[in-house]
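Examination of the molecular architecture
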Amino acid sequence: MLVGKVGLDSSSRIAFQSHAHTDHFVSGEVIFATKATKYLSHLRKGGFYREIEFGKTFYLGDYRAKLYPAGHMLGSAGIKLWLESGTLFYTGDTKWFKLRTAEKSRFPRADFLIIEATFGVPSFTFPSPREVEKKLVAFVEEALDRGKKPVLYVNQMGKAQEVMKILDVHGYTVKPSREIRKVSRMYEKFGIRFNNIAPDGEVVIRSYRSPMVENALPPWELTVSGFGELKLSNHADFWELVRIVEMITPEKVFTVYGFAEEFARILRGLGYDALPIGRVTDLGLLGVL
Ligand SMILES: [Zn+2]
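Bear in mind the structure is a predicted one, so any value in this text is a computation, not a measurement.

Analysis parameters
- Residues numbered from 1 in each chain as written.
- Predicted model: local features only at pLDDT ≥ 70, side-chain atom pairs only at ≥ 80, totals over all residues.
- Heavy atoms only, no water.
- Domains from an automatic or database assignment.
- Contact = heavy atoms within 4.5 Å.
- Buried area = accessible area lost by both parts, 1.4 Å probe.
- Salt bridge = Lys/Arg side-chain N within 4 Å of Asp/Glu carboxyl O.
- Polar contact = N/O pair within 3.5 Å; in protein donor to acceptor, adjacent residues only side chain to side chain.
- Nonpolar A, V, L, I, M, F, W, Y, C, P; charged D, E, K, R; others polar.
- Helix = DSSP H or I, 4+ residues; strand = E, 2+ residues; numbered from the N terminus.
- Buried < 20%, exposed > 50% of the residue type's maximum accessible area, 1.4 Å probe, protein only.
- Pairing = 2+ DSSP bridges.
- Axes fitted to C-alpha atoms, helices over the stretch in contact; angles between N-to-C directions.
- Donors = N, O, S within 2.8 Å, 3.2 Å for Na, K, Ca; no water.
- Tetrahedral: all angles 85-135°; square planar, octahedral: opposite > 155°, others 65-115°.

Re the domain arrangement of the protein chain
Split by domain assignment, the protein chain resolves into domain 1 (2-124 + 234-286) and domain 2 (129-223). Put simply, the middle of domain 1 and the middle of domain 2, counted by C-alpha atoms, are 29 Å apart. At the junction of the two partners, domain 1 supplies 16 residues and domain 2 supplies 19 residues. Three residues stand out in domain 1 for area buried against domain 2, namely Leu43, Arg100 and Thr101, and they jointly supply 41% of the buried area on that side. One salt bridge connects Glu133 with Arg100, and the closest N-O pair in it is separated by 2.7 Å. The interface formed by domain 1 and domain 2 contains six residue pairs in polar contact (both at pLDDT 80 or more). Tallied by class, residues from the side of domain 1 that touches domain 2 come to nine nonpolar, three polar and four charged.

Topic: the pattern of salt bridges
Enumeration according to the criterion identifies nine salt bridges in this entry. Ionic pairing is found between Glu51 and Lys38, a salt bridge with its closest N-O pair at 3.0 Å. Of this pair, Glu51 sits in strand S5 (residues 49-51) while Lys38 sits in helix H1 (residues 35-41), and the two are 13 residues apart along the sequence. Overall, the relative accessible area of 36% leaves Glu51 in the partly exposed class.

Here we look at the sheet that holds strand S13 (residues 203-206)
Here we have four strands laid out as an open sheet, ordered S12-S13-S11-S14, and parallel in their pairing. Bordering the open sheet on either side are strand S12 (174-176) and strand S14 (219-223), each of which pairs with just one other strand. Ignoring strand direction, the axes of neighbouring strands in this sheet form an average angle of 25°. As paired strands, strand S11 (residues 149-153) and S13 are joined by three bridges and run parallel to one another. Bridge pairing in S13 places Val151 opposite Val204.

Things to note about the coordination of the zinc ion
For the zinc ion, the full set of protein donor atoms is His19 (NE2), His21 (ND1), His72 (NE2) and Asp93 (OD), at a range of 2.2 to 2.4 Å. One can describe the site at the zinc ion as irregular: its four donor atoms subtend angles covering 89 to 171° at the metal. Positions of the donor residues of the zinc ion along the chain correspond to the pattern H-x1-H-x50-H-x20-D. Linking His21 in the loop between strand S3 (14-16) and strand S4 (30-33) with Asp93 in the loop between strand S9 (86-90) and strand S10 (112-116), this pair joins segments that are 72 residues apart in sequence. The exposure classification of His21 matches that of Asp93, with both residues buried.

Have a look at this one:
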């Protein structure tokens, strides 16, 4: 999205990048982001980043701005902007419930809200993170009982580290792929420790399916994703999204990504003035500026 000359998860001369997933990468002369987002992004791309701390006032172009933890992965941030017409909050990818490897999300009040809608329909109702943890442990136990090798397929940045941390807490060793280990080392620089990485780890963690060659045991596989078999998601589910909107109490909502159309329609039914927008929408054209 564009707000005047600045980009929100959109490339522009001055840009804000909410987190380090590749589908949110931006380019610009200066990219404003948290320190963790900068370092994690630099594993994949270049770019001149300006590090911003959560809760500190700064200027994004001409706009007074502040970052809030989004809870989606380490360093993920939402941004509040003070515009002439009122305040605007952009969630980026976000999560209401606290994950073990991400900061607890916080949401300010704002007049205008741009909210992600990746899982913006009621059929996406996820169990709580603690319930999912129990299911994950049960899966691992069952695999080991049957003499099989538990293999988890996860997004290599964010989700992989969350799964590794959960298994660490529950006393299982892990064997992550090389790319996942690289990202995990960066997490460790930010204080998220993994004490369970071992060359012969009990649980194999991978980001994509490939033939197993290194294990004597047959694989017992599970995809960990809001769209997968085990619904451990680092996105808000439908009800978390509704809670976030209620918390922010905006006068106008713009929905973006995923089920943007459907979520806007549902919000209108709840009495909100809501409209879906595309990821490159210029908010100036929507009367926000
Ligand atoms: Zn993301």
